[in-house]
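# Secondary and tertiary structure notes
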Amino acid sequence: KSDINQFRERQKEFSQSQRFRGDKAYIGAERMSTPQKKPKNSELTEPQKEQNKKSAQQRIYVEHMIRLVKIFRLAKERFRLRPESYNKVILIVCGLVRLRIGALVLSS
């Protein structure tokens, strides 16, 4: 499934006060902050360009984390183990990513 379809299906599970950030694929989604799209046959104004730049700077961290999780090929390909074990495995992968970036400190 595409990420926008997964978002639409699971959005109701979050609080109504929860806000989200997305890229241009999410334009028009409820409670979603997205960058400005360039109008047809014209250009964005300077304030719109600055706002898009700020949005991209905040979103890039998440994109890098997604890339790190995809290195393990778990979120990228078909999961070949029992479906019941997927949650355990993805949490282990996320823990390894946190350890790699230094966000998880193990006691010695």
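Right above here is the structure, for reference.
Residues numbered from 1 in each chain as written. Predicted model: local features only at pLDDT ≥ 70, side-chain atom pairs only at ≥ 80, totals over all residues. Heavy atoms only, no water.

### Thoughts on the packing of helix H2 (residues 46-70) against helix H3 (residues 86-101)
Packing of H2 against H3 leaves a shortest axis separation of 10 Å and a crossing angle of 120 degrees. Between H2 and H3, the angle is such that the two are oblique. The handedness of the crossing between H2 and H3 is right-handed. From H2, Tyr61, Met65, Leu68 and Val69 reach across to H3, where they touch Ile90, Val93, Cys94, Val97, Arg100 and Ile101. A class-by-class count of the residues in the contact of H2 with H3 yields nine nonpolar, no polar and one charged. (Axes fitted to C-alpha atoms, helices over the stretch in contact; angles between N-to-C directions. Helix = DSSP H or I, 4+ residues; strand = E, 2+ residues; numbered from the N terminus. Parallel < 35°, antiparallel > 145°, perpendicular 65-115°, else oblique. Left-handed = near helix turned anticlockwise from the far one by under 90°. Contact = heavy atoms within 4.5 Å. Nonpolar A, V, L, I, M, F, W, Y, C, P; charged D, E, K, R; others polar.)

### Comments concerning the packing of aromatic side chains
The full count for this structure, using the stated rule, is two aromatic pairs. Ring centres of phenylalanine 7 and phenylalanine 20 lie 5.0 Å apart, and the angle between their planes is 80 degrees; on these two criteria the pair is classed as edge-to-face. Separated by 13 residues along the polypeptide, phenylalanine 7 in helix H1 (residues 3-10) and phenylalanine 20 in strand E1 (residues 20-21) bring together distant segments of the chain. Look at phenylalanine 7 and you get buried, because its relative accessible area is 13%. When the centroid spacing of 5.3 Å and the interplanar angle of 80 degrees are considered together, the rings of phenylalanine 14 and phenylalanine 20 count as edge-to-face. A residue is classified by how much of its surface remains accessible, and phenylalanine 14, at 41% relative accessible area, is partly exposed. For phenylalanine 20, a relative accessible area of 15% gives the class buried. (Phe/Tyr/Trp six-rings, centres within 6.5 Å; stacked < 30°, edge-to-face > 60°. Buried < 20%, exposed > 50% of the residue type's maximum accessible area, 1.4 Å probe, protein only.)

### Looking at H2
With 25 residues, H2 should reach 36 Å at 1.5 Å per residue; the first-to-last C-alpha distance of 35 Å fits that figure. Where H2 bends most, the angle comes to about 35 degrees, and this point is arginine 59. Among all positions in H2, only Asn52, Ser55, Met65, Leu68 and Val69 are buried. Among the structural elements, H3 are those in contact with the buried residues of H2. (Expected span 1.5 Å × (residues − 1). Bend = angle between axes of the 7 residues up to and from the residue.)

### Some thoughts on the layout of surface pockets
Its boundaries defined by the atoms lining it, the largest pocket holds a volume of some 1,300 Å³. As for the largest pocket, its lining consists of 24 residues, of which Asp3, Gln6, Tyr26, Val62 and Ile66 are closest to the centre. Mapped onto the lining of the largest pocket, the elements with two or more residues apiece are H1, E1, H2 and H3. At seven residues, the largest contribution of residues to the lining of the largest pocket is made by H2. (1 Å grid on protein atoms, 1.4 Å probe; cavity = no way out; pocket = protein on both sides within 12 Å on 5 of 7 lines; lining within 4 Å. Points joined across faces, edges and corners; volume = space filled by probe spheres on them.)

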